[in-house]
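Here is what each chain is made of, one letter per residue.
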Amino acid sequence: KPEKVPAIAVRNEPPRIFVANSQAVLLFVDGKPVLAKIPGTSLEFVVNATLPVIRESAGGRHYLLAGETWLEAAALAGPWSVVRRLPGEFDRLAKDPQWMGLAKFIPAKAGGAAPLVFYSETPAEVILFAGTPAFKRVPGTGLLAASNTDSAVFLHEAGKQYFYLTAGRWFREDFCEGPGNVLE
């Protein structure tokens, strides 16, 4: 007689899908931010963030390393702007063995534009187009494939719906344009 296995509750909600047509990054924090002290400094870091986020304990400013550019904001949700000068304690951070990977980005490099920062505490994806979305016909189908993104994005002309493949799942939406559109 086969043994009955109890069902396990699974979360299967679709991720938030952000769309941009210029430089953008996803700052994903898995749930509410969890802060931990950085020994020997008055700095903290967000333990459950996908990108390096350092916070000043006293002033509460957040510093995000997006690629090779440091950004700052009062809150994790932004708005983010390019850092002109990092706080002095970052020099100590660069000498700490745990944070040595950041040493080449300290002090902050001058110039550059701030990428658009999408913030999410739930699973999310970013579709990044190089400019206005462009599509090419897929021969023998009623589909157009996005030609200026690395993402798998298709437009079904007759239904005027967009389809997006990510993490082995397809998502459908009626609208797909940046900057900052959220498909939900």
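Our structure's up above, just so we're on the same page.
Quick caveat, the model's predicted, so the values are computed rather than measured.

Can you help me understand the layout of surface pockets in this one?
To locate leftover empty space, one rolls a probe as large as a water molecule over the atoms. Taken as a whole, the largest pocket encloses approximately 210 Å³ of empty space. Of the residues belonging to the lining of the largest pocket, the class tally is five nonpolar, three polar and five charged.

Can you help me understand the pattern of salt bridges in this one?
Should their charged atoms come close, side chains of opposite charge can pair. What the rule picks out here adds up to five salt bridges. For arginine 55, the salt bridge goes to glutamate 44, with nearest N and O atoms at 2.6 Å. Of the two residues, arginine 55 is situated in strand β5 (residues 53-56) and glutamate 44 in strand β4 (residues 43-46); the sequence distance between them amounts to eleven residues. Ionic pairing is found between glutamate 89 and arginine 92, a salt bridge with its closest N-O pair at 3.4 Å.

Explain the nonpolar core here, please?
Side chains of a nonpolar character, in soluble globular proteins, are inclined to be buried together. Membership of the largest hydrophobic core comes to 17 residues, with the highest contact counts inside it found for Ile54, Trp70, Leu86, Phe90, Leu93 and Ile106. Breaking this core down by element, the ones donating at least two residues are β4, β6 (62-66) and α1 (90-95). With three residues, α1 is the largest single contributor of residues to this core. Judged by nonpolar contacts, the second largest core, of 14 residues, contains Ala49, Leu71, Ala73 and Val117.

Which parts of the structure should I look at to understand the side chain of serine 151?
If you trace the backbone, serine 151 turns up in the loop between β12 (143-146) and β13 (152-156). Exposure remark for serine 151: the relative accessible area of 17% places this residue in the buried category. Non-local contacts of serine 151, meaning those with residues more than four positions away in its chain, are made with Val126, Ile127, Leu128 and Tyr164.

Can you walk me through the sheet that holds strand β11 (residues 135-137) in this structure?
Whenever strands of a sheet pair, they do so through backbone hydrogen bonds, lying parallel or antiparallel. Taken in spatial order, the five strands make up an open sheet running β11-β12-β13-β14-β15, and their pairing is antiparallel. The outermost strands of the open sheet, each flanked by one partner alone, are β11 and β15 (169-173). If you compare each strand with its neighbour and ignore which way they point, the axes differ by 30 degrees on average. Inspection of the sheet shows β12 paired to β13 by three bridges, in the antiparallel sense. In the sheet register, leucine 143 faces β13, and the bridge partner there is histidine 156.

Even after reading the chapter, I still don't get the packing of aromatic side chains, so can you show me in this structure?
What describes a pair of aromatic rings is the distance from one ring centre to the other and the angle between the planes of the rings. Taken as a whole, this structure holds six aromatic pairs when the rule is applied. Their ring planes at 20 degrees and their centres at 4.5 Å tell us that phenylalanine 18 and phenylalanine 118 sit as a pair that is stacked. Of this pair, phenylalanine 18 sits in strand β1 (residues 16-20) while phenylalanine 118 sits in strand β9 (residues 116-120), placing them 100 residues apart in sequence. Comparing phenylalanine 18 with phenylalanine 118 shows no difference in burial state: the two are buried. When the ring of phenylalanine 45 is compared with that of tryptophan 99, the centres are 4.9 Å apart and the planes differ by 75 degrees; the resulting orientation is edge-to-face. With phenylalanine 45 in strand β4 and tryptophan 99 in the loop between α1 and β9, this pair connects stretches of sequence that are 54 residues apart. Overall, phenylalanine 45 belongs to the buried group, its relative accessible area being 17%.

It is not clear to me how unusual backbone geometry should be interpreted in this structure. Could you clarify?
When glycine is set aside, most residues are seen to have a negative phi, and most peptide bonds are trans. For the bond from glycine 78 to proline 79, the omega torsion is 10 degrees, close enough to zero to count as cis. You can see proline 79 is positioned in the loop between β7 (69-73) and β8 (81-82). Of the consecutive residues isoleucine 106 and proline 107, the connecting peptide bond is found in the cis state with omega at 0 degrees. If you trace the backbone, proline 107 turns up in the loop between α1 and β9. The phi dihedral of lysine 160 is positive, around 50 degrees, even though this residue is not glycine. With respect to the helices and strands, the residue lysine 160 is situated in the loop between β13 and β14 (161-166). The phi torsion at alanine 167 lies on the positive side, around 50 degrees, for a residue other than glycine. Exposure remark for alanine 167: the relative accessible area of 73% places this residue in the exposed category.

Rules used throughout
- Residues numbered from 1 in each chain as written.
- Predicted model: local features only at pLDDT ≥ 70, side-chain atom pairs only at ≥ 80, totals over all residues.
- Heavy atoms only, no water.
- 1 Å grid on protein atoms, 1.4 Å probe; cavity = no way out; pocket = protein on both sides within 12 Å on 5 of 7 lines; lining within 4 Å.
- Points joined across faces, edges and corners; volume = space filled by probe spheres on them.
- Nonpolar A, V, L, I, M, F, W, Y, C, P; charged D, E, K, R; others polar.
- Salt bridge = Lys/Arg side-chain N within 4 Å of Asp/Glu carboxyl O.
- Helix = DSSP H or I, 4+ residues; strand = E, 2+ residues; numbered from the N terminus.
- Core = buried A, V, L, I, M, F, W, Y, C linked by side-chain atoms within 4.5 Å.
- Buried < 20%, exposed > 50% of the residue type's maximum accessible area, 1.4 Å probe, protein only.
- Contact = heavy atoms within 4.5 Å.
- Pairing = 2+ DSSP bridges.
- Axes fitted to C-alpha atoms, helices over the stretch in contact; angles between N-to-C directions.
- Phe/Tyr/Trp six-rings, centres within 6.5 Å; stacked < 30°, edge-to-face > 60°.

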